[in-house]
Each structure stands twice: as structure tokens, then as C-alpha cells.
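One letter stands for each residue in the lines below.
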Amino acid sequence: MAAAQVSAAPVSTPLVEELLASLSRRKASGQVAAAGQAGWAAARWMADAGVTRAVLADDPLVQEIGLPDALRRAGIEVLTWPTGQAKREALGLEGPPDVCGVTVPALAVAERGTVVLEASAGHGRGIDVTSRHHVALLPADRIVQTLAQALARTFDGSRPVPSAVSLVSGPSRSSDIEKISTLGAHGALTEHVVVIT
Amino acid sequence: MSTWRRRDAGGVAYSDVEGTLRERTIVALSDRTLRGNLDTAATSWGEGRDAMRRDHGLDEMRERAREIRRQNIRDLPALLSEMQAKVREAGGTVVRAADGAEACRYITGLARARGVRVVAKSKSMATEEIKLNEALEDAGLEVVETDLGEWILQLAEEHPSHIIAPAVHLNRSQVADLFREEAGTDDVPDDREGLVAHARVRLREKFAQAGMGVSGVNLGVASTGTVCIVENEGNARLVTSQPRIHVAVMGMERVVADWDQAAHILQVLPMAAIGQDAANYVNLITGPRREDEADGPEEFHLVIVDGGRGALRGTEFEEALSCIRCGACLYSCPMWRSVGGQAYGSPYSGPIGAVITPLLEGPASPASRDLPFMSSLCGACGEACPVGIPLQDLLVRARARASSPATRTSGLAFRAWSRLWRHPSTYRTWMAGWRLMLRARGKAGWASHLPGPGAGWTQVRDMPTRWPPRR
Ligand code: SF4
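From a predicted model like this one, the values you see are computed outputs, not experimental measurements. (Residues numbered from 1 in each chain as written. Chains lettered and ligands numbered in written order. Predicted model: local features only at pLDDT ≥ 70, side-chain atom pairs only at ≥ 80, totals over all residues. Heavy atoms only, no water.)

Draft legend 1. Fine view of the overall build of chain A. Per the secondary structure count, chain A includes eight helices and 12 strands. Relative to a compact globule of 197 residues, whose C-alpha radius of gyration would be 16 Å, chain A shows 16 Å and is just as compact. Taken along the three principal axes of its C-alpha coordinates, chain A extends 40 × 40 × 40 Å. Relative to its 197 residues, chain A shows a buried fraction of 55%. Across chain A, every contact between residues at least 6 apart in sequence was considered, and the portion connecting residues at least 24 apart equals 76%. Within the structure as shown, chain A displays about 7,100 Å² of accessible surface, and the carbon and sulfur contribution to it stands at 54%. (Helix = DSSP H or I, 4+ residues; strand = E, 2+ residues; numbered from the N terminus. Rg over C-alpha atoms; globule rule 2.2 N^0.38 Å. Buried < 20%, exposed > 50% of the residue type's maximum accessible area, 1.4 Å probe, protein only. Contact = heavy atoms within 4.5 Å. Areas by Shrake-Rupley, 256 points an atom, 1.4 Å probe, with all protein chains shown as cover.)

Draft legend 2. Structural context of the nonpolar core. Counting 76 residues, the largest nonpolar core has Leu151(A), Leu167(A), Trp259(B), Leu284(B), Trp336(B) and Val355(B) as the members making the most contacts within it. No other element matches the 10 residues that helix H12 (residues 259-274) of chain B contributes to this core. Those residues in contact with Val355(B) that sit more than four places away from it in its chain are Phe317(B), Ala320(B), Leu391(B), Leu394(B) and Leu395(B). Of all hydrophobic cores here, the second largest spans 44 residues; its members include Ala110(A), Leu117(A), Leu153(B) and Val188(B). (Core = buried A, V, L, I, M, F, W, Y, C linked by side-chain atoms within 4.5 Å.)

Draft legend 3. Geometry of the sheet that holds strand S9 (residues 164-168) of chain A. Reading across from one edge, S8(A)-S5(A)-S6(A)-S9(A)-S9(B)-S6(B)-S5(B)-S8(B) is the order of the eight strands in this open sheet, with mixed pairing throughout. The outermost strands of the open sheet, each flanked by one partner alone, are strand S8 (143-144) of chain A together with strand S8 (255-256) of chain B. Where strand S5 (residues 219-221) of chain B lies against S8(B), two bridges are found, and the strand directions are parallel. Each bridged residue has a counterpart across the sheet, and for Val221(B) the counterpart in S8(B) is Val256(B). Lying on the sheet, helix H8 (residues 147-154) of chain A is in contact with strand S5 (107-109), strand S6 (114-118), S8 and S9 of chain A together with strand S9 (281-285) of chain B; it crosses S5(A) at an angle near 160 degrees. (Pairing = 2+ DSSP bridges. Axes fitted to C-alpha atoms, helices over the stretch in contact; angles between N-to-C directions.)

Draft legend 4. Representation of the interface of chain A and chain B. Facing the 51 residues of chain A at the interface are 65 residues of chain B. For the pairing of chain A and chain B, the buried interface totals around 4,900 Å² over both sides, and the portion due to carbon and sulfur atoms is 52%. On the surface where chain A and chain B come into contact, there are four salt bridges. For Glu205(B), the salt bridge identified is with Arg88(A), shortest N-O distance 2.8 Å. Counting every contact that joins chain A to chain B gives 38 residue pairs in polar contact (both at pLDDT 80 or more). Among the elements of the structure, helix H6 (87-90), helix H7 (126-129), H8, S9, strand S10 (173-174) and strand S11 (182-183) of chain A are those that each provide at least two residues to the side of chain A that touches chain B. By residue number, the principal contributor to the side of chain A that touches chain B is S9(A), which donates five residues. By residue class, the composition of the side of chain A that touches chain B is 23 nonpolar, 15 polar and 13 charged. Both S9(A) and S9(B) contribute to a ladder of five bridges, which runs antiparallel. Considered in S9(B), the bridge of Val165(A) is made with Leu284(B). (Buried area = accessible area lost by both parts, 1.4 Å probe. Salt bridge = Lys/Arg side-chain N within 4 Å of Asp/Glu carboxyl O. Polar contact = N/O pair within 3.5 Å; in protein donor to acceptor, adjacent residues only side chain to side chain. Nonpolar A, V, L, I, M, F, W, Y, C, P; charged D, E, K, R; others polar.)

Okay, here's the thing in C-alpha cells:
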């Protein structure tokens, strides 16, 4: 991942740095990439994680950074939301196990490592949570400092309220067995955020 | 499965618990495994919470949290009307239920009308309080708790031990045994990761079958009609997105005015509850899926339960309604840490449970009238509460309100005692008699069996017959 950072020569800011630090505290990972490199960087992270199928949010950013091409070149099958899969396959009970959901957060909160996912026609609620892996493609200018700022923007009254907003702060985990945090409960086992500058 | 967690309709406390509060306490105290598990849980919570106080100013956030919640309770009727209007605007249905039975009737009827067979649930104290699982099972539905801790308890046919961490009283090998029994195979791993992965697959099968998802609500935000569901596992996201129908059950007091208030409470909650600055998933749901969306429920129903809460407004117990169910007062309570939640015999245990269970049940309930006495009044709960509820004061008031044969007898005894000791002459006579009796009973300066008020003392230790005592 360090190689991607160097070759992309990304511009980092204190807000980006804080987000990356918070993500690692939340047991997620993150990297910074210039727009021209981001698709390649995301595909490489997925290939390293053993991903064989990606479910992509239908967002213009995904095409802009050339992600579908990069994935195909890495030998990863590409599905775009809505996938039209039957329920059992959508829930990972059938089909390949190493699926990665790719989301485009509306915002992110630097101080607590949170990405804000909004449900919409192109952005299903299940993309990240039903998959084993989760990659979020985050334009750097969408990072805010606090949760209060993120919620104020999301629910500012200037547009209809989204049907579902998910604040995701790291991989799924449970502490229900002996109070020790164990990753990969119901949702994604890994989370990687590509910050695009 | 149809007989687990049996309770009579109406009350909040469990009706299937055995023995009196005192007997259950004694049983719990002698369970060494339980005490070890509770110790581990409370210690790890304490470390996290201390870090939040140090690094995130949790204590400084309390005053504002308290202000917000007190104001919410004062404005409750208006906030609830606004909430109701906004949810309807977003295409959802709102039902106001006067009590648990009414809420259960509505949800069961809905499930029947829609041909639902399997109901997937995420953790919710409100549904535990109204005994929704029993109602659904009585109607012939399969109910599956999908929160890992709750599922473990469902398999063990036990009641939760803690608001946030329901299965803290069970250890890893106890869990592995339950999973083996459920899966009908010995092929279940023993390590934590393996157990969690096993549960994930078993429960995904249930999500594939579920026609209805039932969740609780941590906060309702009136200004947009949004329900907030806070969780770590991701099961609440599945419950609220996979089944065709989502039913959210909310205690009527859980509403805040706007997103500014919600942001503050949503930050405080995980800090106090799990000692972390964020929960993993916070689901903010406003109505059902929109027409152009490919997943999410087609129907959204918000069931708002009164269940005795409304009647607490304007009383000396009003502040109990500020509670955000974080569980901090449980972990901080030396009583709860010694006996766990199950001895309380109510879904709400610990200091807040000892206050609200009898309030929601009514003063005459034999199942809960002794609960306010499950406290040493040390005040650790009030200090831990992130919304500043003076729990120790509420406990004292709840004791004053409790009326049982036991409390009446001890009241009489204490009045007689106080009359005896208030006058120097009766006091001196009493003390002279007591000294005589001590000398008659004592051996070598110590008495090991005393009658009357001394009996409790000499059950576990000797009493010196002279002062200073002989070594
Ligand atoms: S009374 Fe306070 S500490 Fe106890 S659960 Fe409620 S909010 Fe948390």
C-alpha cells in the first residue's frame, strides 16, 4: 500500500491524516490515492485480500477512477448495483465467498473513522454489510471533523431525507463472547478506505 | 423453543424465575463461574470507560446530555406528534400502543396478515419488556434473535444478564456447547473467531427466510422522523434491510428533538456503554425503501410503547425516563457485579432496573417490589450515568414507595427501636440488660450465639462481651 501512496504522489491534509489514524484504531485500513491511481489501488487491495467478485455501487466516481477495468484486469468479477441476484446469493449463502462490496460514502468523520453511506437507487443498503470485504471510495473533500457536522449536513433539510443512512466505523465485530472483541460478526470482516485526492 | 422465557402478559418482570429475590441472590453469589465472568466483563468495561473519560471528556459531556434528555421528557407529547407526522410523511406507519399487550397484538396481526413465518430480531430491550417473542411464538411464528449474545441466550433458554452485553455471564466453552447442540454436530470450533464465524453462517440462513425484521430503537429524531439503531455486529442492518417488513419498537421516552441533540447523545452512548468513541454501525432509518431502490423493506412500522412511562412524567421519578439504556450503571454497581442481571428477574437489571421495573409494574407487584433494596446506595451508579440520572436518590424514593409485609414489619421495628433509644433512661436500661445478656452468653470474652437483633451478627462472626475486646 505504501507503494501506491508514493507513486500516486497524493496530497494529504491534516483531516485525511486524522481519518487514516482513526480508521486504523477502528481496525479498518486506509490509503490516499490520486484520482488517476485510485482504481488501480483499490483493485490491488482487493486482489491481495483474495477477493474474486466485487459488487459496485452505481456511482459515477466508480467509472471516473476506472475501477471496473482495473478489477477485470486483476481477474475479479464485476457486478454493479442492483445486481438482481437471488436472496441466498445476495446474502453470500451461495456463490463465491470472497465478495467485496464497493461503496461511495457521502461523507466521512475524521475523528472517529466513520464513513457515511446513504441508500439510493444506485447504492443498496446491503452492498457492504452482506459482503465479506468492504472498500469505500472517498473523495478527500467529503471528510469532516465531527459526527455533529456530518449529521448536520446529511439532514440539513435541503433535500428529501434518505431512507437509510449507515454510519460505518470499521469492520463488523462482536464482544458477546467473553467480552473480547472479535471481528467479522454479521457484516464485513475487513474495511479499506481509498481516499481520493 | 415455544416455552422459553415464559411470562404472564402484563408485567415487566419475568414470571418464570424461581424463588424470591433473596434466594436468587444467594444462588448467584455461590456460583463461582458466574462471578468470574462478571468480573471479566466489568473490568474490561471499566478500562474502556476510563479511557473515554481521559481522552474524550466523557464527564464534560454529561451536563449537556442531561439537559437534552430532561428537555425531551418535558416536551414529550409534542416531540411524539412531530415524530409520528414525519414518519408518515416518509411513507411509514406509526402505531401508539398503551401497553405491551397492545403492541404485541398489532405486530402479531401484521405478521399473520402478511403471511410471515420467520421473524428476525435485533437486540431490543423494549421487545424483551413487552414479551414480543412469546406473543409471536404463540401465533405460530419462528422468532430468531440475531444479535450474537441474544442468540446464545435463546439457545440456552435464559434471560439476558445485561442491557448491552446479554450473555456476559457465559464463557466460551459454554457457548461452544450450545452451538453444537443447535447445529446437531460436534463440528463446531472452540476458538472465539470460529464460534463467531459459525454463528454468522447459521444466522444468514435465517435472514434468507425471514419475512419480517423487528428492531428496537435507541433514539427517535422528531425533526425528520428517523429512528437510530446502534450496534456493533451488523445484524441490525440486516434486520432493517433484508426482510420485506421492518417493525421498529420504541419506548415512548426515546425521542430527541433534532440532529444536533441526536449527535450529542449518539456520541455519549457508545462511550458509556462499551467504552469506545464509536459503535460500529449506526443505522438511521426514515420510512421504508423509496420506489427506485432495489433493497430495503417495502413496509416500515414504528410501534411506540407507553407501558406505564407516560404516567411517570411530572412525578418524582420523571428523571428515570431520561435513561438511554447504556448499561453503565449496571457495570458500576457492586451488587450487579456480584450477582449479575438474572437474579433481578426483570429484563431491566442493575440500579436502573431496580428503579423502573417496579414503576412500570405498579407498586403492588410481588415480583418486583423488593428490587429497590438491591443496592447499598453507594452512589456509583449515579456517578457512572452519562445522562446524570440521580439513581441513588431514585432508589431511596422507590424504597419509600415500596410496600410489602417485610418493609412494613421492619418499619415498625425501627420505630420502636428509635423510641427506645431516644430517652436516656430507656436507653440506659436497654444497655444494662444487653450487657447482662452478653455476659451470660459469652465465653472467654466472646459471644457466638445471640438472640433477637444480635442473631444476624453472630451467624457469621462473634461479638465481644466487653470493650475493648479480649484478643
Ligand atoms: S440509568 Fe444512566 S447509566 Fe443506567 S442505563 Fe440508563 S443512562 Fe445508562
